[in-house]
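# Examination of the molecular architecture
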Amino acid sequence: MLEKLDNINWAELKHAYGSAYQVPTWIRNLVTYDSKIIEDTLFKLKNHLHHQGTIYEATVATIPFLIELLTIENVECKPSILSFLRELSYRYYSNAAFDSIWSWNSLASQEVSKGREIYMKLLNHSDHKVRLHAVLILSNAPRFDNVYAKEIFDAMKNTFAEETKEIVKAALITGFGNLAVGYRSQLIDQLVDITQVIKRFQNNEANHNLSLVALLALPKLMLDQISQETIDALVSIVLVPPMRYVPAAFGSPDLLAVKSLYYIDEERRLEAMQAAMSRIDDGLMQSAMPRIDDGFRALLIASALLDWTFLNRGPILPNYDIDIGKDTKSYKYFVLIKKNDINHLTELQRRVVKAIIEVDSVWIHQHNLFETYGFTASRDELRHLLNSD
């Protein structure tokens, strides 16, 4: 057990606070039944090896031993270890200015991916929390090699019918959608079958949580084949979020619905969201659910529209610097339009900007929303610029 742990010269490796000589002790401390020691050790590992989201050389060296801990029967904190591994596996945008940082991120993701077979075995673990986090790491991060896509998908599908815990079943539904996004070309046949299964959950009156996660997953599975009924249902979630949702869905339903709408045909999506903004401005949402601030809801939709049309789907314009306080930095992976350069807008982008300008409730809370995308923050100036060309 952990025989190779002392083969590494940990004192020469670095984490957030210097030498990583303590790491072997922390790893061994996780093989205990003492919940206080486990809690303290996990805090130290996360604070030193993933401080404020940064990956270090000691982090990469630790990952194989975290994976090995998952194979040891009397390790009680397997869910926490799986969750930590998932956090360590996220990749970030690459940029020449940050290559020394991003290289460790990439290596960490590769190391986490090596535990694939162990994660799949844990799908059948007796503890539902272990099964839950096994689903999450297999379907969200890291990026496994394409040749393993079918194997992972089938392993999850085989556990789906027998799974009795609602939260794990919800994670599986969400996971099928995530795998469809990451490995669509490798899973063509599998997606046809699982889509039919998940569609049956969409209108599940007996379980609203599973109905919700099914609704959120279907756009990822079906893309342009999605029905207008599903689009309208997603927009309704943005306008009036459900009171309850499953934590495995990774966030609030309205934000998740906005993300799901990204996978739908651009024109259909924008029409639906612009119609939603009109409904908000007419006060329909406020009368339906007074506890929701309609200004913030409109801001959410406006942000999604700008993101979809300028960062994700619209034509990418030449790089421009971003002003951050007194400093100016250029991020090649985050491209903004040049301030006030309205002439470069496509017709679709122009239509979105005009629509947002006319929604009063957006401007209650928008602060620097438009400046984030390279525009002036003045509503009157925006109107003038759009009408002057």
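As the structure is a prediction and not an experimental result, all values here were calculated from the model.

Cut-offs used in this document
Residues numbered from 1 in each chain as written. Predicted model: local features only at pLDDT ≥ 70, side-chain atom pairs only at ≥ 80, totals over all residues. Heavy atoms only, no water. Phe/Tyr/Trp six-rings, centres within 6.5 Å; stacked < 30°, edge-to-face > 60°. Helix = DSSP H or I, 4+ residues; strand = E, 2+ residues; numbered from the N terminus. Buried < 20%, exposed > 50% of the residue type's maximum accessible area, 1.4 Å probe, protein only. Lys NZ or Arg CZ within 6 Å of the ring centre and 35° of its normal. pLDDT = per-residue confidence, 0-100. Contact = heavy atoms within 4.5 Å. Core = buried A, V, L, I, M, F, W, Y, C linked by side-chain atoms within 4.5 Å. Expected span 1.5 Å × (residues − 1). Polar contact = N/O pair within 3.5 Å; in protein donor to acceptor, adjacent residues only side chain to side chain. Salt bridge = Lys/Arg side-chain N within 4 Å of Asp/Glu carboxyl O.

Our focus in this paragraph is the packing of aromatic side chains. Throughout the structure, instances matching the rule amount to five aromatic pairs. Seen from their ring centres, Phe160 and Phe201 are 5.8 Å apart, and the 70 degrees between their planes marks the pair as edge-to-face. With Phe160 in helix H8 (residues 149-160) and Phe201 in helix H10 (residues 188-202), the pair connects residues that are 41 residues apart, well separated along the chain. The exposure class of Phe201 is buried, given its relative accessible area of 14%. Note that Arg116 overlies the ring of Tyr148, its terminal NZ or CZ placed 3.5 Å from the centroid. Taking NZ or CZ as reference, Lys169 lies 4.2 Å from the ring centre of Phe160, over its face.

Our next topic: the confidence of the model for the protein chain. Per-residue confidence for the protein chain gives a mean pLDDT of 78; residues scoring 70 or more make up 77%. Long-range and interchain partners of residues 93-99, a stretch whose pLDDT sits below 50, account for 11 contacts in this model, where long-range means more than four residues apart.

With that out of the way, let us pick up the nonpolar core. Among the nonpolar cores identified, the biggest contains 113 residues, and Leu66, Leu69, Leu85 and Tyr119 are the most heavily contacted of them. Dropping the residues within four chain positions of it, Leu85 is found in contact with Ile63, Leu66, Ile67, Leu70, Val112, Tyr119 and Ile137.

Two residues of an α-helix separated by three or four positions point the same way, owing to the 3.6 residues in each turn. When the terminal C-alpha atoms of helix H4 (residues 78-89) are compared, their 16 Å separation across 12 residues agrees well with the 16 Å that a helix rising 1.5 Å per residue should span. Of all the 12 residues making up H4, 10 are buried; the element is thus mostly covered by neighbouring parts of the structure. Turning to H4, its buried residues are Lys78, Pro79, Ile81, Leu82, Ser83, Phe84, Leu85, Arg86, Leu88 and Ser89.

Let us look at helix H7 (residues 128-140). If you check H7, its first and last C-alpha atoms are 18 Å apart, about what 13 residues at 1.5 Å a residue would give, namely 18 Å. Of all 13 residues making up H7, 10 are buried, and the element is well covered by its neighbours. Turning to H7, its buried residues number three or more, namely Val130, Arg131, Leu132, His133, Ala134, Val135, Leu136, Ile137, Leu138 and Ser139. Its side-chain oxygen placed 2.9 Å from the backbone nitrogen of Lys129, Asp127 serves as the N-cap of H7.

The next subject is the pattern of salt bridges. Tallied over the full model, the rule gives nine salt bridges. Notably, a salt bridge pairs Arg116 with Glu151, separated by 2.7 Å at the nearest N-O pair. Taken as a pair, Arg116 in helix H6 (residues 116-121) and Glu151 in helix H8 lie far apart in primary sequence, 35 residues in all. Exposure remark for Arg116: the relative accessible area of 8% places this residue in the buried category. Residue class for Glu151 comes out partly exposed when judged on its relative accessible area of 36%.

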